[in-house]
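Read off the chains here:
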Amino acid sequence: MELLISTPRDFSFKRTAISHGWYGLLPFEIDRDDWLLSRVLDLKDEKPVTVAITARKRQLRINTSRRLSQKAARQVIADVRHMLRLDDDLAGFYGLMARENDFAWVPTQGAGRLLRSPTVFEDLVKMICTTNCSWALTERMVTGLVQNLGRESNDGRRTFPTPEAMSLMPLKFYTNEVRAGYRAPYFKELADRVASGSLDVEQWLHSPLATDELIKEMRGVKGVGPYAAENVLKLLGRYDGLALDSWTRAKFFTVRNNGRKASDKKIARFYSRFNEWRGLVLWCDMTRDWLEV
DNA sequence: GCGTCCAGGTCTACC
DNA sequence: GGTAGACCTGGACGC
């Protein structure tokens with residue numbers, strides 16, 4: 001079954017699909033030869049479905065692994081719009097970038113939409129999986145969660161697990177199977193809180209809280225520090241934080257400081273003039289070379 | 001083969 | 001509020 005979505009004039013499928021590492025973490029998969037982004041979506045009342053997304057001109061084509069009801073098709077379209085940030089208004093950001101010689105490529109290439117998961121919960125768990133470890137271990141942990149706890153689509157691929165599925169597992173599952181190490185109790189506690197309803201992370205998408213207050217709430221989740229909170233904020237559409245980590249620091253040294261080390265304060269000063277967009281400007285700056293044009 | 005370092009940081013105790 | 005030290009894991013590296 002094929003579904004079609006019109007895309008905004010300033011949207012780039014390639015730039016969005018590879019905007020950061022999520023495309024390489026299950027359930028996401030990417031074929032960069034054919035520029036096909038796929039993943040399994042959880043349809044709650046129905047069996048999960050695998051979607052394969054490609055772009056042509058100003059249109060996305062979504063091929064589903066089986067025929068869907070109208071209700072399920074509407075959810076697939078809503079999830080794809082959410083993941084690819086089709087409803088994000090970046091006019092202010094692009095206007096700002098167009099006036100800067102160094103950053104005029106951003107609107108030209110349609111960079112700035114950061115791929116996200118269908119749920120905040122998935123983004124949050126994955127972000128904790130990126131902390132204090134190699135990318136290979138991040139992949140190992142996420143794969144362990146999906147393969148062991150994900151619901152199966154008709155093609156055998158699996159969803160990202162729900163909070164309920166994660167909550168049902170004992171602590172030793174996260175240490176022995178997921179290989180999460182000291183993060184194991186963090187996952188267990190987060191899943192328990194979300195599954196029980198005592199913490200609603202999906203509500204963060206529409207939170208009326210000021211960013212500082214929202215960060216405080218996010219940091220109430222064990223394993224979420226400044227880096228993880230500010231990166232999740234970017235996926236919520238707030239770009240005040242730089243979300244510095246060892247990778248972005250090293251990249252800044254190369255791209256903006258002639259290979260010399262720079263303090264976090266210096267990095268912050270460099271992007272400070274971009275105000276509420278500074279986190280997104282930094283990320284675009286650091287990933288410009290991810291796509292040959 | 002073995003020890004050390006560190007990678008897309010965070011938590012806790014202590015000052 | 002600021003900071004030192006501990007923390008799982010596993011790949012890379014030097015010896």
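The coordinates are above.
Procedures and definitions
Residues numbered from 1 in each chain as written. Chains lettered and ligands numbered in written order. Predicted model: local features only at pLDDT ≥ 70, side-chain atom pairs only at ≥ 80, totals over all residues. Heavy atoms only, no water. Helix = DSSP H or I, 4+ residues; strand = E, 2+ residues; numbered from the N terminus. Buried < 20%, exposed > 50% of the residue type's maximum accessible area, 1.4 Å probe, protein only. Core = buried A, V, L, I, M, F, W, Y, C linked by side-chain atoms within 4.5 Å. Contact = heavy atoms within 4.5 Å. Patch = residues over 30% accessible without salt bridge, like charges linked within 9 Å, V, L, I, M, F, W, Y side chains within 5 Å. Areas by Shrake-Rupley, 256 points an atom, 1.4 Å probe, with all protein chains shown as cover. Salt bridge = Lys/Arg side-chain N within 4 Å of Asp/Glu carboxyl O. Lys, Arg positive; Asp, Glu negative; His and termini not counted. Charge placed at Lys NZ, Arg CZ, Asp CG, Glu CD. Near = heavy atom within 4 Å. Polar contact = N/O pair within 3.5 Å; in protein donor to acceptor, adjacent residues only side chain to side chain. Pairing = 2+ DSSP bridges. Axes fitted to C-alpha atoms, helices over the stretch in contact; angles between N-to-C directions. Nonpolar A, V, L, I, M, F, W, Y, C, P; charged D, E, K, R; others polar. Parallel < 35°, antiparallel > 145°, perpendicular 65-115°, else oblique.

(A) Quick peek at the environment of Leu-114. Position of Leu-114 among the secondary structure elements: in the loop between α4 (105-109) and α5 (120-129). You can call Leu-114 buried: its relative accessible area is 4%. Taking the C-alpha atoms as reference points, Leu-114 and Ala-17, 97 residues apart in sequence, are found 7.9 Å from one another.

(B) Representation of the nonpolar core within the structure. Among the nonpolar cores identified, the biggest contains 90 residues, and Val-76, Leu-84, Phe-93 and Trp-204 are the most heavily contacted of them. The residues contacting Trp-204, other than those within four sequence positions of it, are Val-120, Leu-124, Leu-199, Leu-214, Glu-217, Met-218, Val-221 and Leu-236.

(C) Quick look at a positive patch on the surface. A cluster of basic side chains, namely Arg-260, Lys-265, Lys-266 and Arg-269, defines a positive patch on the protein surface. Mapped onto the secondary structure, Arg-260 falls in the loop between α12 (246-256) and α13 (264-271).

(D) Spatial organisation of the protein's contact with DNA strand B. Near DNA strand B, the surroundings consist of 20 residues, among which Asn-132, Gly-223, Gly-225, Ala-228 and Ser-246 are the closest. Each atom of DNA strand B within 4 Å of the protein belongs either to a base or to sugar and phosphate, the latter forming 66%. Separating a base nitrogen of DNA strand B from a backbone N or O atom of Ser-134 is a distance of 3.1 Å. A distance of 3.3 Å separates a phosphate oxygen of DNA strand B from a polar atom in the backbone of Pro-226. Only α11 (226-236) and α12 provide two or more residues apiece to the surface near DNA strand B.

(E) Examining the pattern of salt bridges more closely. Per the stated rule, a full pass over the model turns up 18 salt bridges. Of the charged contacts in the structure, one is a salt bridge between Glu-213 and Lys-216, with a shortest N-O distance of 3.5 Å. Residue Glu-213 and its partner Lys-216 are both found in helix α10 (residues 211-218); the two are separated by 3 residues, about one turn of the helix. Look at Glu-213 and you get partly exposed, because its relative accessible area is 39%.

(F) Region of the structure containing the sheet that holds strand β5 (residues 59-64). The 5 strands are arranged β1-β5-β4-β3-β2 in an open sheet whose pairing can be described as antiparallel. Looking at the sheet topology across the chains shown, the edges are occupied by β1 (2-6) and β2 (29-31). Here the strands of the sheet are splayed against their neighbours by 25 degrees on average, with no regard to which way each runs. The strands touched by helix α2 (residues 70-83) are β1, β3 (36-41), β4 (49-56) and β5; relative to β1, the strand with the most contacts, the crossing angle is about 45 degrees.

(G) Layout of the protein's contact with DNA strand C. In the vicinity of DNA strand C, the residues found are Asn-132, Leu-137, Arg-179, Gly-181, Tyr-182 and Arg-183. Arg-179 has a polar side-chain atom sitting 3.2 Å from a phosphate oxygen of DNA strand C. In the environment of DNA strand C, a base oxygen lies 2.8 Å from a nitrogen or oxygen atom belonging to the side chain of Arg-183. Considered class by class, the residues forming the surface near DNA strand C number 2 nonpolar, 2 polar and 2 charged.

(H) Structural view of the packing of α13 against helix α14 (residues 278-287). Look at α13 against α14: their axes get within 9 Å of each other, and the N-to-C directions meet at 100 degrees. Taken together, α13 and α14 sit at an angle that is classed as roughly perpendicular. Note on element contacts: α14 touches α13 through Arg-278, Val-281, Leu-282, Asp-285 and Met-286, opposite Ile-267, Phe-270 and Tyr-271. Considered class by class, the residues forming the contact of α13 with α14 number 6 nonpolar, no polar and 2 charged.

(I) Focus on the pairing of β5. Side chains Leu-60, Ile-62 and Thr-64 project from β5 onto a buried face, and the interleaved Gln-59, Arg-61 and Asn-63 project onto a face without burial. Sheet topology places β4 next to β5; 6 bridges connect them, and they run antiparallel. The residue of β5 that forms the bridge with Thr-54 is Arg-61. The antiparallel pairing of β4 with β5 creates a hairpin that spans 2 residues between the two strands, and Lys-57 there sits at a positive phi of about 50 degrees.

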